[in-house]
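# Descriptive structure summary
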Amino acid sequence: MAHDQIKKPRVLSGIQPSGNLTIGNYLGALKQWVAVQQEYDCFYCVVDLHAITMPQDPAELRQKTRESAAMYIAAGIDPDVSTIFVQSQIPAHSELAWMLTCMAPLGWLQRMTQFKDKSAKQAQESIGTGLLNYPSLMAADILLYHAELVPVGDDQRQHLEFTRDLAQRFNHLYGETFTLPSVMTPKAGARVMGLDNPTAKMSKSEDSDNHAIFLLDELPRARKKIMRAVTDSRREIRFSSDPERAGINNLLTIYQAISGDSREAIEAAFAGKGYGDLKRAVADCVLGTLEPLQTRYHQLMNEAGYLDAVLRGGREKAAAIAEDTLKLAQERVGFLAAT
Ligand code: AQP
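Here goes a summary of the coordinates provided. Source: prediction; values computed, not measured.

The environment of the ligand is formed by 24 residues, the closest being S18, K118, D155, K204 and S205. In the model, a nitrogen atom of the ligand is placed 3.1 Å from a nitrogen or oxygen of the G24 main chain. In this structure, an oxygen atom belonging to the ligand sits 2.3 Å away from a side-chain N or O atom of K204. Relative to its free-state accessible area of 640 Å², the ligand is covered by the protein chains to the extent of 97%. The cavity where the ligand resides is the largest pocket. Only β1 (10-15), α1 (23-36) and α6 (113-120) provide two or more residues apiece to the shell around the ligand. Sorting elements by how many residues they give to the shell around the ligand places α1 first, with 4 residues.

Time to look at empty space enclosed by the protein. Summed over all chains, the structure comprises 2 cavities of 30 Å³ or more. Put simply, the largest cavity is a space of about 70 Å³. As for the largest cavity, its lining consists of G19, N20, L21, K64, E67, S68, M71, L215 and L216. The residue makeup of the lining of the largest cavity, split by class, is 4 nonpolar, 3 polar and 2 charged. Volume-wise, the second largest cavity comes out at about 30 Å³. Taken together, I23, L195, I213, I226, I254, V282 and V286 make up the lining of the second largest cavity. For the lining of the second largest cavity, a count of residues per class yields 7 nonpolar, no polar and no charged.

Counted as a void, the largest pocket has a volume near 1200 Å³. Residue lining of the largest pocket: 50 residues in total, with Q114, K118, D155, K201 and S203 positioned closest to the centre. Taken together, the elements giving at least two residues each to the lining of the largest pocket come down to β1, α1, α2 (48-51), α6, α7 (129-144) and α8 (157-174). Considered as a void within the structure, the second largest pocket measures approximately 240 Å³ in volume. What lines the second largest pocket is a set of 13 residues, and nearest its centre among them are K31, P186, K187, A188 and A257. Contributions of two or more residues to the lining of the second largest pocket are made by α1 and α10 (246-259). Among the elements that line the lining of the second largest pocket, the one with the most residues is α1, at 4 residues. Of the residues in the lining of the second largest pocket, the class split is 6 nonpolar, 4 polar and 3 charged.

Cut-off values and rules
- Residues numbered from 1 in each chain as written.
- Predicted model: local features only at pLDDT ≥ 70, side-chain atom pairs only at ≥ 80, totals over all residues.
- Heavy atoms only, no water.
- Near = heavy atom within 4 Å.
- Polar contact = N/O pair within 3.5 Å; in protein donor to acceptor, adjacent residues only side chain to side chain.
- Areas by Shrake-Rupley, 256 points an atom, 1.4 Å probe, with all protein chains shown as cover.
- 1 Å grid on protein atoms, 1.4 Å probe; cavity = no way out; pocket = protein on both sides within 12 Å on 5 of 7 lines; lining within 4 Å.
- Sits in = over half its atoms within 2 Å of the grid points.
- Helix = DSSP H or I, 4+ residues; strand = E, 2+ residues; numbered from the N terminus.
- Points joined across faces, edges and corners; volume = space filled by probe spheres on them.
- Nonpolar A, V, L, I, M, F, W, Y, C, P; charged D, E, K, R; others polar.

Okay, structure coming up:
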């Protein structure tokens, strides 16, 4: 077999179009996606079915779905190399998710940190059961493509464990069907914290002015947010796991994730300097990332028909694989095939 015909192992990951993408989404997910796209056969989806586990405005959801796909490309995903698609356009995701939901133990789902955090913010009677079943849908996304690797931020590790457990359960009950995926998280930037509250994860749907750097923030605004980031009353610039130093640690981590420098080199570079110097340096490297990304984003949003063509091609390619896996799973479970 010629070298270029050897099948590459597969990668799958996605981001919810539940708001504007943040520097957390970029450092935790997108940057890793770009890094693996030559080595793996990558499938990147905009997970709109996941987004509706929380209330969404329909027009805004449609708009954010397009914007997210465009942001994948602007961040460096090459649609000629990787497959980009919209989750809800492939019904196999919902169909396999139902089968997996039926075999997902309630106790496993109730233990998920994301469910506990997000449900705690709502009145009990208004929590949609989709929020509880979110990990079963995520398992379906991954298992449909026999993905071997799933590049995500730290907050999704638990859902990956759940996916492996559920795949094992299915394989045990019905015979070898699914590939067990491994998680991949970045060395730095796996959990970017809120600038206004560095003990909470930076989230795109958090409703607070100085919380997140959005990838489409105007550059002066992004700089201002960093200069206003919550720190502490000490002076030393060092990486630390002390919760009281979470603000400085977060800024250093963002700097490390973007610069690629070692912790030792960064601490040495900031020795004897003040928090203002650190903030200015973080702002410079964040803006250095945002500027080219925003230019590419606006270019391709202005190119009529381009994004639709990418998503159409992605859907066709992804659907063929997903439908095959779904058919196999349906057969294993005992569904009567249509004739
Ligand atoms: N703060 C973060 N640091 C590092 N990685 C992060 N990710 C999210 N926030 C951070 C990673 O981005 C990918 C997409 O996440 P998602 O949109 O599917 O869901 P999420 O993890 O719940 O992200 P958000 O931004 O917090 O969304 P909302 O506010 O809608 O819940 C994942 O790989 C995630 O780990």
